[in-house]
Amino acid sequence: MAMRLRFAPSPTGYLHVGGARTALFNWLLARAQGGVFILRVEDTDRERSTEAATQAILDGMQWLDLSWDEGPFFQSRGLERHRQEAHRLLERGLAYRDFSTPDEIEADRKALKLGERRPYRTRADALGADLERERLDAGAPFAIRFRVPDGETVWDDLVHGEMRFANADIEDLVVLRADGTPTYNLAVVSDDADMRITHVIRGDDHLSNTPKQILLYDALGYDLPRFGHVPLILGTDGKRLSKRHGATAVGDYRVQGILPETMVNFLALLGWNPGDEQEVMTRDELVQRFSMERVLKKSAVFDPEKLAWLNGQHLARRSAESLLELVRDEADRRGQRALLDGEAHTNLIVLVEMMKVRARTIPELFERMEPLLLDAPTYDPQAVRQHWKHAADARARLLAAAERFQSSAWDAASLEAALRALAEERGEGAAKLIHPLRVALTGQSASAGIFDLLVWLGPERTAARIDRALGQLPDA
């Protein structure tokens, strides 16, 4: 039978980093093993589930290109099956009715804290068949509780190896609430069995649910899937990742200019190791190399700096054509689309190609392009202080460079040869000419290669920018 895996988010918020990593591990394993990847939306929390959250999850999955083979299915559509499963347990004596009142439930909480075991089971067993029938006839509300058997629950976890839980530590769990809605553990078991799920890969925070679900699988007569629990994701302070560490929703990183292939690469490395030093990987490489055997047991740390570095690596690999579309989107967000529309498409492609190796995000790429697209770049005060500190010297060097360029062919090699020859004639290093020239052209102290910039700007725009810079500098 083909491996069948699922990602089952609750639509009570956006697709967060931990959920996206769980989805990715399931998707990678399905693709690596020729299996089936299923998307199921667990929307039975009627008060908190929203259509907007469901759409945000679907959008996040699609942005990451984690295409599902079946679904999306909605858990709420299986409610009748869930109820039938609960009553089947009841009919077989594997569950019991709990008529507890609010006061009794509060007393049970106190009893549990004092070490009393399963006070609600004791009360239900003491009720007797006649009194139970009277309450049923009177329409008294009741929940259905699963009767946890004695012994222990053991499974071979795909990440942690053998796991053992004493059943005495598991309370008789409610499987159907008094209002007729199923609880999480019953619904999940029922749905996974109905979808013939063979492997359940999820976060370590579900470890305590697994023995309960295994007991329900056994009680309902279903084949057990293989379970694998992947490590939690922590912030750089060692605490569980949350909003205090910054963005936790996948969609936020899209707006910040992170590429989807970067996010997939980064998430894969949160709790999984390829076995060597390679960190930058394509989706196909991840599929070829992924296995549960290399999923780590210890928690993973979400490092924003590493994410930014990795994004820079993927930006450099991307075609300029595809990046230009993302730069246009960024310009739209900033209300500066006119900057791009005023430049020839071929020129923009060359500019993106030139700047992409120095940027780490799409917004940064746009910001590096912006000074060259403006009619007049803004001069960075620090760059001015550093390279125009001696105004008379800066002015003389710019004038000399402008004059030399007039007699040079306009290609990178010729321009470089002309500038270096000028520096030699002046008895100074080429950097003495290049640094003030860069500020004149871009307003910045760092940029792409100066000779590539000159070629891109062309002689007329270069001359205009030098003239403007000269106007900012006093005469000698």
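Okay, so let's go over this structure. (Residues numbered from 1 in each chain as written. Predicted model: local features only at pLDDT ≥ 70, side-chain atom pairs only at ≥ 80, totals over all residues. Heavy atoms only, no water.)

## Structural notes on the overall build of the protein chain
Line of reasoning, step 1. Helices and strands together make up the secondary structure of the protein chain, namely 20 helices and 12 strands.
Line of reasoning, step 2. Taken over the C-alpha trace, the protein chain has a radius of gyration of 32 Å; the compact-globule value for 476 residues is 23 Å, which it surpasses by more than 25%.
Line of reasoning, step 3. Principal axes of the C-alpha set define a box for the protein chain whose edges measure 110 × 45 × 40 Å.
Line of reasoning, step 4. At a minimum sequence separation of 6, the contacts of the protein chain that also span at least 24 residues come to 75%. (Helix = DSSP H or I, 4+ residues; strand = E, 2+ residues; numbered from the N terminus. Rg over C-alpha atoms; globule rule 2.2 N^0.38 Å. Contact = heavy atoms within 4.5 Å.)

## Here's the deal with the pairing of strand β3 (residues 70–74)
Every regular strand shows the same layout, with side chains that alternate between the two sheet faces.
Line of reasoning, step 1. As defined by bridge partners, strand β2 (residues 36–41) adjoins β3 across 3 bridges and the pair is classed as parallel. Counterpart to R40 in the pairing with β3 is F73.
Line of reasoning, step 2. Tracing the backbone out of β2, into helix α2 (residues 51–63) and back to the parallel element β3 gives a crossover that is right-handed. (Pairing = 2+ DSSP bridges. Right-handed = clockwise from strand over helix to strand, strands pointing away.)

## A few points about the pattern of salt bridges
Line of reasoning, step 1. Summed over the entire model, instances satisfying the criterion amount to 41 salt bridges.
Line of reasoning, step 2. We note a salt bridge from R226 to D156, for which the minimum N-O separation is 3.6 Å. In this pair, R226 is assigned in strand β10 (residues 226–230) and D156 in strand β6 (residues 152–157), connecting sequence segments 70 residues apart.
Line of reasoning, step 3. Owing to a relative accessible area of 34%, R226 belongs among the partly exposed residues under this scheme.
Line of reasoning, step 4. The exposure class of D156 is partly exposed, given its relative accessible area of 46%.
Line of reasoning, step 5. The salt bridge partner of R333 is E330, with a shortest N-O separation of 3.1 Å. (Salt bridge = Lys/Arg side-chain N within 4 Å of Asp/Glu carboxyl O. Buried < 20%, exposed > 50% of the residue type's maximum accessible area, 1.4 Å probe, protein only.)

## Here's the deal with the sheet that holds strand β5 (residues 143–146)
Line of reasoning, step 1. Read across the open sheet, the 3 strands follow the order β4-β5-β8; overall the sheet is antiparallel. Either end of the sheet is taken by a strand with one partner, and the two such strands are β4 (95–98) and β8 (174–176). Strand-to-strand, the axes of this sheet are offset by a mean angle of 40 degrees, without reference to chain direction.
Line of reasoning, step 2. Where β5 lies against β8, 2 bridges are found, and the strand directions are antiparallel. Bridged to I144 within β8 is L176. (Axes fitted to C-alpha atoms, helices over the stretch in contact; angles between N-to-C directions.)

## Looking at unusual backbone geometry
Line of reasoning, step 1. The peptide bond linking G71 to P72 adopts the cis configuration, its omega dihedral lying at 5 degrees.
Line of reasoning, step 2. Tracing the backbone shows P72 in strand β3.
Line of reasoning, step 3. In the Ramachandran plot, D65 falls in the positive-phi region, its phi being about 60 degrees despite a non-glycine side chain.
Line of reasoning, step 4. If you trace the backbone, D65 turns up in the loop between α2 and β3.
Line of reasoning, step 5. For R118, which is not glycine, the phi torsion reads 50 degrees and is therefore positive.
Line of reasoning, step 6. Following the sequence through the fold, R118 ends up in the loop between α4 (102–113) and α5 (119–137).
Line of reasoning, step 7. Note on R118: relative accessible area 4%, which makes it buried.

## Digging into the packing of aromatic side chains
Line of reasoning, step 1. For the structure shown, the criterion picks out 8 aromatic pairs.
Line of reasoning, step 2. Chaining the aromatic ring pairs together yields one cluster made of F25, W272 and F290.
Line of reasoning, step 3. Across the ring face of F25, the terminal group of R21 is positioned such that the distance to the ring centre comes to 5.3 Å.
Line of reasoning, step 4. Sitting above the plane of the Y120 ring, R145 keeps its charged end 3.7 Å from the centroid. (Phe/Tyr/Trp six-rings, centres within 6.5 Å; stacked < 30°, edge-to-face > 60°. Lys NZ or Arg CZ within 6 Å of the ring centre and 35° of its normal.)

## Some details on helix α3 (residues 79–91)
Line of reasoning, step 1. With 13 residues, α3 should cover 18 Å at 1.5 Å per step; its first-to-last C-alpha distance of 18 Å lies within 8% of that length.
Line of reasoning, step 2. As for α3, its buried residues are in contact with β4, β5, β8, α6 (184–194) and α7 (209–220).
Line of reasoning, step 3. At the C-terminal side of α3, G93 shows a positive phi close to 75 degrees. (Expected span 1.5 Å × (residues − 1).)

## A few points about the layout of surface pockets
Line of reasoning, step 1. The computed volume of the largest pocket comes to approximately 1,200 Å³.
Line of reasoning, step 2. Those elements that place two or more of their residues in the lining of the largest pocket are β1 (4–7), α1 (17–32) and β9 (199–203).
Line of reasoning, step 3. Tallying contributions element by element places α1 first for the lining of the largest pocket, with 6 residues.
Line of reasoning, step 4. In terms of residue class, the lining of the largest pocket is built from 14 nonpolar, 15 polar and 11 charged.
Line of reasoning, step 5. As a volume, the second largest pocket reaches approximately 310 Å³.
Line of reasoning, step 6. Along the walls of the second largest pocket sit 18 residues, with L269, W272, N273, E279 and K306 positioned nearest its centre.
Line of reasoning, step 7. Among the residues making up the lining of the second largest pocket, the classes are represented as 8 nonpolar, 4 polar and 6 charged. (1 Å grid on protein atoms, 1.4 Å probe; cavity = no way out; pocket = protein on both sides within 12 Å on 5 of 7 lines; lining within 4 Å. Points joined across faces, edges and corners; volume = space filled by probe spheres on them. Nonpolar A, V, L, I, M, F, W, Y, C, P; charged D, E, K, R; others polar.)

## So, α1
Line of reasoning, step 1. Taking 1.5 Å as the rise per residue, α1 with 16 residues should run 22 Å; its terminal C-alpha atoms sit 22 Å apart, in good agreement.
Line of reasoning, step 2. Note on α1: the residue one or two positions beyond its end, G34, has a positive phi of about 65 degrees.

## Details of the nonpolar core
Line of reasoning, step 1. By size, the foremost hydrophobic cluster in this structure holds 53 residues, and its most contacted members are M369, W388, L398, L419 and L437.
Line of reasoning, step 2. Taken together, the elements giving at least two residues each to this core come down to α12 (320–334), α13 (337–341), α14 (345–355), α15 (362–373), α17 (391–406), α18 (412–426), α19 (431–442) and α20 (450–472).
Line of reasoning, step 3. Among the elements that line this core, the one with the most residues is α20, at 9 residues.
Line of reasoning, step 4. Non-local contacts of L419, meaning those with residues more than four positions away in its chain, are made with A401, F405, L433, I434, L437 and F451.
Line of reasoning, step 5. A23, F25, L64 and M292 belong to the second-largest nonpolar core, a separate cluster that totals 49 residues. (Core = buried A, V, L, I, M, F, W, Y, C linked by side-chain atoms within 4.5 Å.)

## Overview of the pairing of β2
Line of reasoning, step 1. Extensive coverage of β2 is indicated by the burial of 6 of its 6 residues.
Line of reasoning, step 2. Residue alternation in β2 divides its side chains into two sets, V36, I38 and R40 and F37, L39 and V41, and both sets are buried.

## Thoughts on the environment of R240
Line of reasoning, step 1. Relative to the assigned elements, R240 resides in the loop between β11 (233–234) and α8 (250–255).
Line of reasoning, step 2. Since its relative accessible area comes to 47%, R240 is described here as partly exposed.
Line of reasoning, step 3. For the pair formed by R240 and V301, sequence separation is 61 residues and the distance between their alpha carbons is 9.0 Å.
Line of reasoning, step 4. Among the polar contacts made by the side chain of R240, one reaches the side chain of D205 at a distance of 3.2 Å. (Polar contact = N/O pair within 3.5 Å; in protein donor to acceptor, adjacent residues only side chain to side chain.)

Distances and angles like these do not, on their own, reveal function.
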